[in-house]
Amino acid sequence: MIPVSWYLTLAAILFSIGVYGFLARRNVIIMFLSIELMLNAANLNLVAVSHYLTDLRGQILTFFIIAVAAAEAAIGLGIVVALFRNKATVYADEIAQMKG
Amino acid sequence: MDTAPNFILTPLAPLAPELLLICLGLLLVVVDLFLGEKRHILPWLAALGTLTGLFLLGNGSGHFSDGLFGGMYILDAYSLFFKVICLIGVLFTVMLSVRYLDTEKMHQGEYYSLLVFAAVGMMVMVSAADMIVLYLGLELMALSVYCLVGLLKSDSRSNEAALKYFLMGAFSSGILLYGISLIYGMTGTTDLQLISQRLTELNLADNTLLFIALGMVLIAFSFKVAAAPFHMWAPDAYEGAPTPITAFMSVGPKAASFAVLGRILLSGFPELHVHWGPLIAGIALLTMATGNILAISQTNIKRMLAYSSIAHAGFALLGILATSNEGVSAIMNYMLIYAFMNMGAFAIIIMLNNRERRGEQLKDYRGLAQTNPVAAALMLIFMFSLTGIPPTAGFIGKFYLFLAAMNAGYTGTVIAAVILSAVSAYYYLRVVRYMYMYDSEKGEAVAMSPSLTAALIFAVIGVIGLGVAPGWVLEMASQSLPALAQ
């Protein structure tokens, strides 16, 4: 059986990639993808621990996270589409009308 | 599988306010679909529903329960108090919206529906006794507010504000969830009371990984309440959002986030106070400094109020720092007062908004005392209150927060807070100077509307009333606390 620490390490790596991607990439769509990676890192953690502890709470939370992430993606893409209609860009550096 | 609970159908009566508002939210969408041109009844429906919700909250105030749905949902006086603040925020927002939406020609019916759903999210959040429920409430609130911020679809500033708010909000949710998953991994539970028990049982008080996890939760909530150094999104989101939504964001979601932060830290991690205390003190100090100092250079009044709201979040953190009943009741009192004074200030901004000017620039306030003395006098009261000058409520709010932090031994932080509070007088009173010391350029009168008048009267009664007779709110607030600090 694969030890639980492997899953946790994988989740930590995924989370780090997500945070790095969010901070380093400037394409809004890629930033969304990075956030999804972070959420999935949390999901992986929860499911691995839940299985290890034979406790169902973690898996329940994972289901909710998956559902909420879907809603979040819909809203995020909706916002990007509205923005793209007005400014025709998806690069975060060019979306800087308000400053100070 | 020792944790499988007995599944008993919980009586739903205690949840009446939440259920009512969910039905109201759905009803508003349907009514909007079928009424078409008669949309002007939507705000009335929303206001009526919110008032009924407030009434039901008051009605249910005798029946507290600390464990609906297998202990996941608490009804206590603490959550009740914050629910009242949130609903007052919604009520104000509805009153502010009618005129604004007309001026901006924004006639989406989902506006009020989203507002009501955001309120439900906040109510779920403040009642959550379990991380799962907390997360769901938080997201229901956040997703609704992202939509509301971006609802001026043809305005690129609104799009930009929504995108920035959404990216930061989703990023902080990711951090929060990872923190929750680590805490779950170490304690084996998501229930806040149980977490606190397991921390002592399993001797986790000195575990580095637990600090990291708690740190992540703290970072996530610093994003949500716009505390420095995680405040960058707030000025942009506040400036670009429709003005009533800006007012709503600075009152409702902020109060709910503080309620949750208080519950997590004081009921889930009280043993770790030695570790998170200095951290919160640092964040509070940095937040007050950033908010107050950056507000000085703003010429857009919405943006100035955004920085002011950051600064006020810093003041409110002092109450959490105190970790005493005194501190928490001071936060509750402050959030209520802040709701009234901030809503009042935003009502004036919306009043000045018409087709030619947005009422957002400082120069729009030139000579307001001549063209509209009543509006100028009201703005004067709200600005005094935001600065914290007696006899307005703002003074009382700050006074009790500072007192609580002082009694907890954070004298240095309080001294800094008082100095920064004096700095804030500069930019609040600058608005007063523009209104009273300059001549008006055009001298046009300001149009009023019944709902705006009602909001202003309500706000000014709150600001003066809570300033002159503060005792009963504090008493109500402190009554609610034994439940929290068990």
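See the structure above.
In short, a report on the structure. (Residues numbered from 1 in each chain as written. Chains lettered and ligands numbered in written order. Predicted model: local features only at pLDDT ≥ 70, side-chain atom pairs only at ≥ 80, totals over all residues. Heavy atoms only, no water.)

1. Notes on the overall build of chain A
Here is step 1 of the chain: In terms of helices and strands, chain A carries 3 helices and 0 strands.
Here is step 2 of the chain: Starting at the N terminus and walking to the C terminus, you meet the elements of chain A as α-α-α.
Here is step 3 of the chain: Relative to a compact globule of 100 residues, whose C-alpha radius of gyration would be 13 Å, chain A shows 17 Å and is clearly more extended.
Here is step 4 of the chain: Summarising its shape, the C-alpha atoms of chain A cover approximately 50 × 25 × 25 Å along the three principal directions.
Here is step 5 of the chain: Within chain A, the proportion of its 100 residues that are buried is 41%.
Here is step 6 of the chain: Summarising the internal contacts of chain A: among those between residues at least 6 apart in sequence, 51% fall at separations of at least 24. (Helix = DSSP H or I, 4+ residues; strand = E, 2+ residues; numbered from the N terminus. Rg over C-alpha atoms; globule rule 2.2 N^0.38 Å. Buried < 20%, exposed > 50% of the residue type's maximum accessible area, 1.4 Å probe, protein only. Contact = heavy atoms within 4.5 Å.)

2. Concerning empty space enclosed by the protein
Residue and element names in this part refer to chain B.
Here is step 1 of the chain: Summed over all chains, the structure comprises 3 cavities of 30 Å³ or more.
Here is step 2 of the chain: Of the pockets and cavities examined, the largest cavity occupies roughly 140 Å³.
Here is step 3 of the chain: Lining the largest cavity are 15 residues, and of these Y165, F223, K224, W233 and P253 lie nearest its centre.
Here is step 4 of the chain: Here the residues of the lining of the largest cavity sort into 10 nonpolar, 3 polar and 2 charged. (1 Å grid on protein atoms, 1.4 Å probe; cavity = no way out; pocket = protein on both sides within 12 Å on 5 of 7 lines; lining within 4 Å. Points joined across faces, edges and corners; volume = space filled by probe spheres on them. Nonpolar A, V, L, I, M, F, W, Y, C, P; charged D, E, K, R; others polar.)

3. Considerations on the pattern of salt bridges
Here is step 1 of the chain: Tallied over the entire structure, the rule returns 11 salt bridges over all chains.
Here is step 2 of the chain: Two residues, R57(A) and D130(B), come together in a salt bridge whose shortest N-O distance is 2.5 Å. Taken together, the positions of R57(A) in helix α3 (residues 57-87) and D130(B) in the loop between α4 (110-127) and α5 (131-149) put the pair across two chains. Each member of the pair, R57(A) as well as D130(B), carries the same accessibility label: buried.
Here is step 3 of the chain: Between E239(B) and R157(B) there is a salt bridge, with its nearest N and O atoms 3.2 Å apart. Within this pair, whereas E239(B) is found in helix α9 (residues 233-240), its partner R157(B) is found in helix α6 (residues 156-187), the two being separated by 82 residues in sequence. Grouping residues by exposure puts E239(B) and R157(B) together as buried.
Here is step 4 of the chain: In the salt-bridge network here, residues are joined through shared partners; they are R157(B), E160(B), K164(B), D236(B), E239(B), K302(B), R303(B) and E360(B). (Salt bridge = Lys/Arg side-chain N within 4 Å of Asp/Glu carboxyl O.)

4. Details of the interface of chain A and chain B
The accessible area lost on association of the parts is a frequent measure of interface size.
Here is step 1 of the chain: Counting from both sides, the interface comprises 46 residues of chain A and, opposite them, 47 residues of chain B.
Here is step 2 of the chain: A buried area of about 4,000 Å², summed over both sides, lies between chain A and chain B, and 72% of it is on carbon and sulfur atoms.
Here is step 3 of the chain: Joining chain A to chain B, the criterion identifies 1 salt bridge.
Here is step 4 of the chain: The interface formed by chain A and chain B holds 8 residue pairs in polar contact (both at pLDDT 80 or more) in total.
Here is step 5 of the chain: Those elements giving two or more residues to the side of chain A that touches chain B turn out to be α1 (4-24), α2 (28-53) and α3 of chain A.
Here is step 6 of the chain: In terms of residue count, α3(A) provides more of the side of chain A that touches chain B than any other element does, 17 residues in total.
Here is step 7 of the chain: When its residues are assigned to classes, the side of chain A that touches chain B shows 33 nonpolar, 8 polar and 5 charged. (Buried area = accessible area lost by both parts, 1.4 Å probe. Polar contact = N/O pair within 3.5 Å; in protein donor to acceptor, adjacent residues only side chain to side chain.)

5. Examining the packing of α1(A) against α6(B)
Here is step 1 of the chain: Across the interface, α1(A) lies against α6(B) with an axial gap of 12 Å and an inter-helix angle of 165°. The orientation of α1(A) relative to α6(B) falls into the category roughly antiparallel. As α1(A) runs across α6(B), the sense of the crossing is left-handed. The segment α1(A) lies against α6(B), with L8(A), A11(A), A12(A), F15(A), V19(A), F22(A) and L23(A) engaging L167(B), F171(B), G174(B), I175(B) and Y178(B).
Here is step 2 of the chain: Split into classes, the residues belonging to the contact of α1(A) with α6(B) amount to 11 nonpolar, 1 polar and no charged. (Axes fitted to C-alpha atoms, helices over the stretch in contact; angles between N-to-C directions. Parallel < 35°, antiparallel > 145°, perpendicular 65-115°, else oblique. Left-handed = near helix turned anticlockwise from the far one by under 90°.)

6. Describing the state of the cysteines
All names here are of chain B.
Here is step 1 of the chain: Under the definition given, this model contains 0 disulfides over all chains.
Here is step 2 of the chain: In this structure C23 is not part of a disulfide, and its nearest cysteine sulfur, from C86, lies 19 Å away.
Here is step 3 of the chain: No disulfide involves C86; its sulfur sits 18 Å from the nearest other cysteine sulfur, which is in C147.
Here is step 4 of the chain: Under the relative-accessibility criterion, C86 is labelled buried at 0%. (Disulfide = S-S within 2.5 Å.)

7. Some details on a nonpolar patch on the surface
Here is step 1 of the chain: On the surface, a cluster of nonpolar side chains totalling about 420 Å² of accessible area is made up of L12(B), L19(B), I22(B), L26(B) and F69(B).
Here is step 2 of the chain: The residue L19(B) is located in helix α1 (residues 16-35) in this model. (Patch = residues over 30% accessible without salt bridge, like charges linked within 9 Å, V, L, I, M, F, W, Y side chains within 5 Å. Areas by Shrake-Rupley, 256 points an atom, 1.4 Å probe, with all protein chains shown as cover.)

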